[in-house]
Amino acid sequence: ALFAFIALYDDSFTRKRNSHRYMIVDEFQDTNPVQMMVCLMTLKEPNLSVVGDWKQSIFGFRHADVDNIRRFEERLNIFTEFLNDGEERVVFKLPQVKEAVLRENYRSSSQIIDYAFKALSTPMSKGDKPSSVEVNIIAADERITEEHTHIRKVSAKSPTDEANIVLTLIDEYVHK
């Protein structure tokens, strides 16, 4: 992403040759500021759709910055101002951001959702109080997912042992 950023930042021909009218970025919570600025410099029009869940950010070790999605509109303004300092690199006026919150889950069975909420509200140590979790997620069509849902609790002595146990269980499931 850094080389793309440099090429786009330094050369208007490269920006123009690689520009698009529309862009959709999934898992946006795992992008970093450079990747967000590359998106802005490659758009001809303000048609950037991002999808993500800030609670599922897992790539901090690769410099992903969850604030790209948590503070999306603020970041748009900051990065556009930075990129357009001295030369127009973001060629459109920023519109008002439209947010659509998705609250229905069509991928997980009720068994998985119930277990996840139980895990989220479980105290981590003796002195902790259980946290409250707002339940407003709808499970997928049970006819499709319940037969494929299996929750198994495993204990392991180390992360390596845990990984090996999980891989063994997946292998057993796949090769039934």
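That block above? That's the structure.
Report follows, based on the coordinates. All values derive from a computational prediction rather than experimental measurement. (Residues numbered from 1 in each chain as written. Predicted model: local features only at pLDDT ≥ 70, side-chain atom pairs only at ≥ 80, totals over all residues. Heavy atoms only, no water.)

On to the overall build of the protein chain, then. Within the protein chain, the secondary structure is distributed over eight helices and two strands. Counting helices and strands in the order they occur from the N terminus, the protein chain gives α-α-β-α-β-α-α-α-α-α. Residues counted as buried form 25% of the 176 residues belonging to the protein chain. Put simply, 67% of the contacts in the protein chain that link residues at least 6 apart link residues at least 24 apart. With the model as given, the accessible surface of the protein chain reaches about 13,400 Å², and the carbon-plus-sulfur share is 55%. (Helix = DSSP H or I, 4+ residues; strand = E, 2+ residues; numbered from the N terminus. Buried < 20%, exposed > 50% of the residue type's maximum accessible area, 1.4 Å probe, protein only. Contact = heavy atoms within 4.5 Å. Areas by Shrake-Rupley, 256 points an atom, 1.4 Å probe, with all protein chains shown as cover.)

For the structure on display, the rule yields three aromatic pairs. Each ring, one from phenylalanine 5 and one from tyrosine 9, has its centre 5.5 Å from the other, and the planes form 20°; the classification is stacked. Here phenylalanine 5 and its partner tyrosine 9 are both found in helix H1 (residues 2-10), four residues apart, which amounts to about one turn of the helix. Put simply, the rings of Phe5, Tyr9 and Phe82 touch in pairs and so form one group of aromatic residues. Taking NZ or CZ as reference, arginine 89 lies 3.6 Å from the ring centre of tyrosine 9, over its face. (Phe/Tyr/Trp six-rings, centres within 6.5 Å; stacked < 30°, edge-to-face > 60°. Lys NZ or Arg CZ within 6 Å of the ring centre and 35° of its normal.)

Right, let's get into the side chain of threonine 42. In this fold, threonine 42 is placed in the loop between helix H3 (33-41) and strand E2 (48-50). A polar atom in the side chain of threonine 42 sits 3.1 Å from the backbone oxygen of valine 38. A polar side-chain atom of threonine 42 sits 3.1 Å from the main-chain carbonyl oxygen of cysteine 39. Not counting chain neighbours up to four residues away, the residues in contact with threonine 42 comprise Leu8, Asn18, Ser19, His20 and Met23. (Polar contact = N/O pair within 3.5 Å; in protein donor to acceptor, adjacent residues only side chain to side chain.)

Before going further, it helps to spend a moment on the environment of glutamate 27. Examined against the element boundaries, glutamate 27 turns out to sit in the loop between strand E1 (23-25) and H3. Of the residues examined, glutamate 27 reaches a relative accessible area of 39% and is grouped as partly exposed. For the pair formed by glutamate 27 and isoleucine 69, sequence separation is 42 residues and the distance between their alpha carbons is 9.5 Å.

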